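Single-letter residue listing:
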Amino acid sequence: MDATEEVMEARAGLQLINPAPYNAEAPAAALVGEITPTEFHYVRSNFALPDHDGTFEIGGAVDRPLTLTLDDLRALPAHEYAVTLECAGNGRLQMRPLPTGEPWGDYAVSTARWKGALLSDVLAQAGPAANGVEVLFTGADHGSYHLNPVLADTNRDDLWFERSLPLSLASDPSAEILIAYEMNGQPLGPDHGAPFRIVVPHWYAVTSVKWLKRIDVLTEPFSGEFQTGHYIYEWADRPHEPVALMRVRARLTEPEPESVIPAGTTTVRGKAWSGTGPITRVEFSLTGAGQWFEATVAEPTGPYHWQEWSFEWDAPIGRHTLMVRATDAAGNVQPEVPEWNRLGYGNNAVEVIYVDVV
Ligand SMILES: Nc1nc2c(c(=O)[nH]1)N[C@H]1C(S)=C(S)[C@@H](COP(=O)(O)O)O[C@H]1N2
Ligand SMILES: [Mo]
């Protein structure tokens, strides 16, 4: 199998959103198990697939600039976690008026088992300078940016995918940020950032930079198209904020939307996650009239991925509206309608489906 066939095969199970750059959401099956099979994990890329020479550099304000390879990463202690990644644009298609940007439905979210070296271990080898404030990650991908072609009229028509994090977070071992080289027990595939990528638990996935080429310690805060241009909540009624931690959200996986099910006891179930704390409560509604019932929330089976919830429903004959709403330990709760912002990020409105019971 040549490289192109390998990429085509890896994409066969996904729902196409944009052929170039390739963006595709997961099938509903991606949310059923605890781990999303790799072939069902959504893909979001801002540029075409880049070439990568198998090395990355650490520079900027560091004592010891380094060039590292996959073998160097594998020589460090390995850490593996299930991490739920969600695109900040997930659910954009439900917002009105429809914001520009990729028209994601509700399946730009998946959970994989990511294995790699701790970013904090790698940074410690390079020795960040005392006056460092942020760490900048640069991917190997670049080109003209499809969502902001105006840039093509300036001398900035060749953008690189760059994102920064506070140095305090990047160098904190307890944040467990990975430079990952395996996904679900296999080397990373081309669409997911081969040969290595950043994985930042709890954050919207934009900050999990794929095809990592450079890490630079900065002494000034970074601004760039993917940091301060896009990936900003431009709220209508309050100050703008950068997209950061995933907003609390629950999803229904059973019964399937618009399905026909037999009357009697049925288990309604799904997933819930949040970047701002474990899920403490999931409520379920049947009437569309604001009456909520407590669902059972399973204990988290790891710190960084979705939790299971379920509700035993004695389903009477008829058509029913099902809604689900999660609350996290920080007290954040899902709104009933999407909170509109100009670029359409962070839609975590309650999911509404209907089923027919016969
Ligand atoms: N280098 C690079 N990294 C990137 C991106 C990108 O375009 N280039 N997209 C980001 C965004 S917006 C998301 S949602 C996630 C998607 O990761 P996945 O394709 O493995 O699901 O990668 C992030 N990392
Ligand atoms: Mo994203």
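Just so it is clear, the model here is predicted, and its values are computed rather than measured. (Residues numbered from 1 in each chain as written. Chains lettered and ligands numbered in written order. Predicted model: local features only at pLDDT ≥ 70, side-chain atom pairs only at ≥ 80, totals over all residues. Heavy atoms only, no water.)

## Describing the overall build of the protein chain
Here is step 1: Per the secondary structure count, the protein chain includes five helices and 24 strands.
Here is step 2: Compactness check: the protein chain gives a C-alpha radius of gyration of 21 Å against a globular reference of 21 Å for 358 residues, within 12% of the reference.
Here is step 3: If one aligns the C-alpha atoms of the protein chain with their principal axes, the spans along those axes are about 70 × 45 × 45 Å.
Here is step 4: In the protein chain, buried positions account for 54% of the 358 residues.
Here is step 5: The long-range share in the protein chain, meaning contacts at least 24 apart out of those at least 6 apart in sequence, stands at 73%.
Here is step 6: When the accessible surface of the protein chain is summed, it comes to about 15,200 Å², and 53% of that surface belongs to carbon and sulfur atoms. (Helix = DSSP H or I, 4+ residues; strand = E, 2+ residues; numbered from the N terminus. Rg over C-alpha atoms; globule rule 2.2 N^0.38 Å. Buried < 20%, exposed > 50% of the residue type's maximum accessible area, 1.4 Å probe, protein only. Contact = heavy atoms within 4.5 Å. Areas by Shrake-Rupley, 256 points an atom, 1.4 Å probe, with all protein chains shown as cover.)

## Some thoughts on the pattern of salt bridges
Here is step 1: Tallying each qualifying case throughout the model produces 18 salt bridges.
Here is step 2: With its nearest N and O atoms 3.0 Å apart, the salt bridge here joins Arg-214 to Glu-57. Here Arg-214, found in strand S13 (residues 212–218), pairs with Glu-57, found in strand S4 (residues 55–60); they are 157 residues apart in sequence, far enough to count as distant.
Here is step 3: For Arg-214, a relative accessible area of 28% puts it in the partly exposed group.
Here is step 4: When the shortest N-O distance is used, the salt bridge between Asp-356 and Arg-319 registers 2.8 Å. Of this pair, Asp-356 sits in strand S24 (residues 351–357) while Arg-319 sits in strand S23 (residues 318–328), and the two are 37 residues apart along the sequence.
Here is step 5: Exposure remark for Arg-319: the relative accessible area of 57% places this residue in the exposed category. (Salt bridge = Lys/Arg side-chain N within 4 Å of Asp/Glu carboxyl O.)

## What to know about the domain arrangement of the protein chain
Here is step 1: Entries for the protein chain in the domain assignment read domain 1 (3–242) and domain 2 (249–357).
Here is step 2: Computed from C-alpha atoms alone, the centre-to-centre distance between domain 1 and domain 2 is 28 Å.
Here is step 3: Contacts between domain 1 and domain 2 engage 42 residues on the former and 23 residues on the latter.
Here is step 4: When domain 1 packs against domain 2, close to 3,000 Å² is buried across both sides, 53% of that on carbon and sulfur atoms.
Here is step 5: The largest per-residue losses of area from domain 1 upon contact with domain 2 belong to Leu-31, Met-95 and His-202, which jointly make up 21% of the total buried on that side.
Here is step 6: At the boundary of domain 1 with domain 2, the tally comes to three salt bridges.
Here is step 7: For the salt bridge of Glu-86 with Arg-249, the shortest nitrogen-to-oxygen distance reads 2.8 Å.
Here is step 8: The tally of links between domain 1 and domain 2 comes to 22 residue pairs in polar contact (both at pLDDT 80 or more). (Domains from an automatic or database assignment. Buried area = accessible area lost by both parts, 1.4 Å probe. Polar contact = N/O pair within 3.5 Å; in protein donor to acceptor, adjacent residues only side chain to side chain.)

## Observations regarding the site of ligand 1
Here is step 1: Near ligand 1 lie 20 residues; those nearest to it are Tyr-42, Asp-141, His-192, Arg-197 and Lys-210.
Here is step 2: With respect to ligand 1, the backbone of Tyr-42 contributes an N or O atom lying 2.7 Å from an oxygen atom.
Here is step 3: One of the side-chain N or O atoms of Asp-141 is found 2.6 Å from a nitrogen atom in ligand 1.
Here is step 4: Out of a free accessible area of 530 Å², ligand 1 has 100% covered by protein chains.
Here is step 5: Mapping ligand 1 onto the cavity grids shows that it belongs to the largest cavity.
Here is step 6: At the level of elements, strand S3 (43–44) and strand S8 (134–143) are the ones that each hand at least two residues to the shell around ligand 1.
Here is step 7: Its residues placed into classes, the shell around ligand 1 shows nine nonpolar, six polar and five charged. (Near = heavy atom within 4 Å. 1 Å grid on protein atoms, 1.4 Å probe; cavity = no way out; pocket = protein on both sides within 12 Å on 5 of 7 lines; lining within 4 Å. Sits in = over half its atoms within 2 Å of the grid points. Nonpolar A, V, L, I, M, F, W, Y, C, P; charged D, E, K, R; others polar.)

## Examining the packing of aromatic side chains
Here is step 1: All told, the structure shown has 13 aromatic pairs when counted by the stated rule.
Here is step 2: Relative to Phe-226, the ring of Phe-161 lies with its centre 4.7 Å away and its plane at 45°, an arrangement referred to as tilted. Of the two residues, Phe-161 sits in strand S9 (residues 159–166) while Phe-226 sits in helix H5 (residues 225–229), which places them 65 residues apart along the sequence.
Here is step 3: On the basis of relative accessibility, which here comes to 7%, the residue Phe-161 falls in the buried class.
Here is step 4: An aromatic cluster of three or more residues is present, and its members are Phe-47, Tyr-145, Phe-161 and Phe-226.
Here is step 5: Directly above the ring of Trp-292 sits Arg-325, whose terminal nitrogen or CZ lies 4.1 Å from the centroid. (Phe/Tyr/Trp six-rings, centres within 6.5 Å; stacked < 30°, edge-to-face > 60°. Lys NZ or Arg CZ within 6 Å of the ring centre and 35° of its normal.)

## Some details on a negative patch on the surface
Here is step 1: Taken together, Asp-2, Glu-5, Glu-6 and Glu-9 make up a surface patch of like negative charges.
Here is step 2: Checked against the element boundaries, Glu-6 lands in helix H1 (residues 3–11). (Patch = residues over 30% accessible without salt bridge, like charges linked within 9 Å, V, L, I, M, F, W, Y side chains within 5 Å. Lys, Arg positive; Asp, Glu negative; His and termini not counted. Charge placed at Lys NZ, Arg CZ, Asp CG, Glu CD.)

## Describing the environment of Gln-227
Here is step 1: Relative to the assigned elements, Gln-227 resides in helix H5.
Here is step 2: Judged by its relative accessible area of 13%, Gln-227 falls in the buried class.
Here is step 3: Gln-227 sits 62 residues away from Leu-165 along the chain, and the two C-alpha atoms are 9.8 Å apart.
Here is step 4: In this structure Gln-227 touches Glu-162, Arg-163, Ser-164, Phe-222 and Ile-232, once residues within four positions along its chain are discounted.

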